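Here is how the chains run, residue by residue.
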Amino acid sequence: MAQSTGFRDSVWWGAYWTNFLGDAPRWYKWTIVGFLAANPFLYLLLGGYVAGWVLVLQFIFTLAMALKCYPLQPGGLLAIEALALGMTTPGHVYHEVEDNLKVILLLVFMVAGIFFMKELLLFTFTKLLVKVRSKLLLSFLFCLVAAILSAFLDALTVTAVVISVAVGFYSVYRRVAVAPAAIDRAVESEEDRDEELLNPEEMERFRAFLRNLVMHAAVGTALGGVTTIVGEPQNILIADKMGWEFMEFFIRMVPVTMPVLAVGLATCLLLERLKWFSYGAAIPLPVLEVLRNYDVEESAKRTRQDNARLVVQAIAAVFLVFALAFHVAEVGLVGLSIIVLQTAFNGIVEEHRIGHAFEEALPFTALLCVFFAIVAVISDQGLFQPVIEYVLELPARQQPGVFYIANGVLSMISDNVFVATVYIGEVETAFDAGVITRGQFDLLAVAINTGTNIPSVATPNGQAAFLFLLTSSLAPLIRLSYGRMVIMALPYTFTMGITGWVCVTWLL
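Residues numbered from 1 in each chain as written. Predicted model: local features only at pLDDT ≥ 70, side-chain atom pairs only at ≥ 80, totals over all residues. Heavy atoms only, no water.

### Here's the deal with empty space enclosed by the protein
In step 1: One pass over the structure, following the stated rule, counts five cavities of 30 Å³ or more.
In step 2: Considering only enclosed or pocket space, the largest cavity measures out at about 100 Å³ in volume.
In step 3: Lining the largest cavity we find Leu107, Asp154, Ala155, Leu156, Gly231, Glu232, Pro233, Phe364, Val417, Gln463, Ala464 and Ala465.
In step 4: Secondary-structure elements contributing two or more residues to the lining of the largest cavity are α9 (155-177) and α22 (464-470). (1 Å grid on protein atoms, 1.4 Å probe; cavity = no way out; pocket = protein on both sides within 12 Å on 5 of 7 lines; lining within 4 Å. Points joined across faces, edges and corners; volume = space filled by probe spheres on them. Helix = DSSP H or I, 4+ residues; strand = E, 2+ residues; numbered from the N terminus.)

Take a look at the structure:
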């Protein structure tokens, strides 16, 4: 009887253990449990400074392991424990959230607003793919269009559109590329095995072609995202701290962002011409013919109502650009107006249809609030104070370059929004204390923004758009693994990263 009770108890606790962090690997679960168990002892025995640094490293670990488990849950547990231990207070966390309300509104409303433009964006990228015959020009346009769109829209949404286009075309060609027995299987359910393919070599060349395009587009979102306050979430956070509006932010970033944009586009062309790092793959002609026929069929089926929706979305896009450029309202409120205009004039009046638009942004918005809890710990425990003091003791001319490198390296392994949040807060504190001048504060803000946005293309950890691509249904279909993404991003990392550092050091 006792043995039976013990067995039932083990099963009971086993159910709890299975539920804890869901499908995350066992070693990951034990690691998080170890973190949570060790932190109270570290805090009591070694003090808040050491325990705080350990907490930050633990949190960065959860960000770096985002493919194993979304960081909200393990990071949130660490934040709750820090509050329980008294490493910061709920009031300070709320103050951090309150100070960054503009960023939260940006994520909630702007991302949802752009969701209702997906049809227009899909139309644009689809026409590019089927109408442009030169692979060199096509790659350049995918990178450039993604950059332009990301400067005014949301990089995640632009990436989502590129993924939708690629999955759509993959599924279209798959209908004629796989054996009849495999046609009924959903394209997103699993990878197509070579034995199911009628022409495996042709499919592999098509996969390589799609890998090229989505990677060029993903890099394009980084090139455009660094230029404006709406391109990345941390941009508006920095702009808010600095008191910069849309045009001022853009102009202050120009000495760095425009040379980096030119170098990034040149890198795209060079990679396609030289066919280095797996680039330069051309679309097989039979595949192109299938896709063109599909586009003709879809265009023929498009009704007047469909065309009217595209017109409304295009008008909303123009309104968005001018509203941002002239700062008619806070960015989040502009996003809300985009939602109202597009849903009203395109007949989207059901609550459940509107609700889908918010699904993409809200998990990251919740994670951002956890960021702010960790930032509150950093502030209360003075963790970055020695680092900031060391950098600020350097000659003023060297400081922007050092900040750029520090932010860039940390953003490669962590999340660039978190890194920017921490550093801009510490630099603002130094400015408020009279340690640096307003002019130096401006330069360091540019260095922080560009440092977190440009070198972070090195890994999927640093750029949300890259991570989104890696975890999408497209990645297994086109064999886009973590390692392959790092290798394909490597030339961009070097050319764009070094150009950014040179510009920050010598042109600001």
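### Observations concerning unusual backbone geometry
In step 1: Although it is not a glycine, Ser278 adopts a positive phi angle of roughly 70 degrees.
In step 2: One can find Ser278 in the loop between α12 (246-274) and α13 (285-301).
In step 3: Its identity is not glycine, yet Arg479 carries a phi of approximately 60 degrees, on the positive side.
In step 4: Relative to the assigned elements, Arg479 resides in the loop between α23 (474-477) and α24 (482-506).
In step 5: Residue classification places Arg479 among the partly exposed residues on the basis of a relative accessible area of 22%. (Buried < 20%, exposed > 50% of the residue type's maximum accessible area, 1.4 Å probe, protein only.)

### A look at the pattern of salt bridges
A side chain of one charge can pair with a side chain of the opposite charge if their charged atoms are brought near each other.
In step 1: All told, the structure shown has 14 salt bridges when counted by the stated rule.
In step 2: Asp295 is the salt-bridge partner of Lys127, the closest N and O atoms lying 3.2 Å from each other. Taken together, the residues span a long stretch of sequence, with Lys127 in helix α7 (residues 118-131) and Asp295 in helix α13 at a distance of 168 residues.
In step 3: Residue Asp295 is classed as buried on the basis of its relative accessible area, which comes to 7%.
In step 4: Through salt bridges with shared partners, a single network forms among Glu248, Arg252, Arg438 and Asp442. (Salt bridge = Lys/Arg side-chain N within 4 Å of Asp/Glu carboxyl O.)

### Here's the deal with the side chain of Asn453
In step 1: The residue Asn453 is located in helix α21 (residues 438-453) in this model.
In step 2: For Asn453, a relative accessible area of 1% corresponds to the buried category.
In step 3: At 3.2 Å, the side chain of Asn453 forms a polar contact with the side chain of Asn235.
In step 4: Among residues more than four places away in sequence, those in contact with Asn453 are Ala222, Val226, Glu232, Gln234, Asn235, Asn416 and Gln463. (Polar contact = N/O pair within 3.5 Å; in protein donor to acceptor, adjacent residues only side chain to side chain. Contact = heavy atoms within 4.5 Å.)

### Focus on the layout of surface pockets
In step 1: As a volume, the largest pocket reaches approximately 490 Å³.
In step 2: What lines the largest pocket is a set of 23 residues, and nearest its centre among them are Tyr70, Ala464, Leu467, Phe468 and Thr471.
In step 3: Elements supplying a minimum of two residues to the lining of the largest pocket: α9, α17 (362-381) and α22.
In step 4: Here the element with the most residues in the lining of the largest pocket is α9; it accounts for four residues.
In step 5: Partitioned by chemical class, the residues of the lining of the largest pocket number 15 nonpolar, five polar and three charged.
In step 6: In this structure, the second largest pocket occupies an estimated 390 Å³ of space.
In step 7: Lining of the second largest pocket is provided by 15 residues; of these, Leu122, Thr126, Tyr294, Glu298 and Arg302 occupy positions nearest its centre.
In step 8: Of all elements in the fold, only α7, α9, α13 and α14 (304-325) reach the threshold of two or more residues within the lining of the second largest pocket. (Nonpolar A, V, L, I, M, F, W, Y, C, P; charged D, E, K, R; others polar.)

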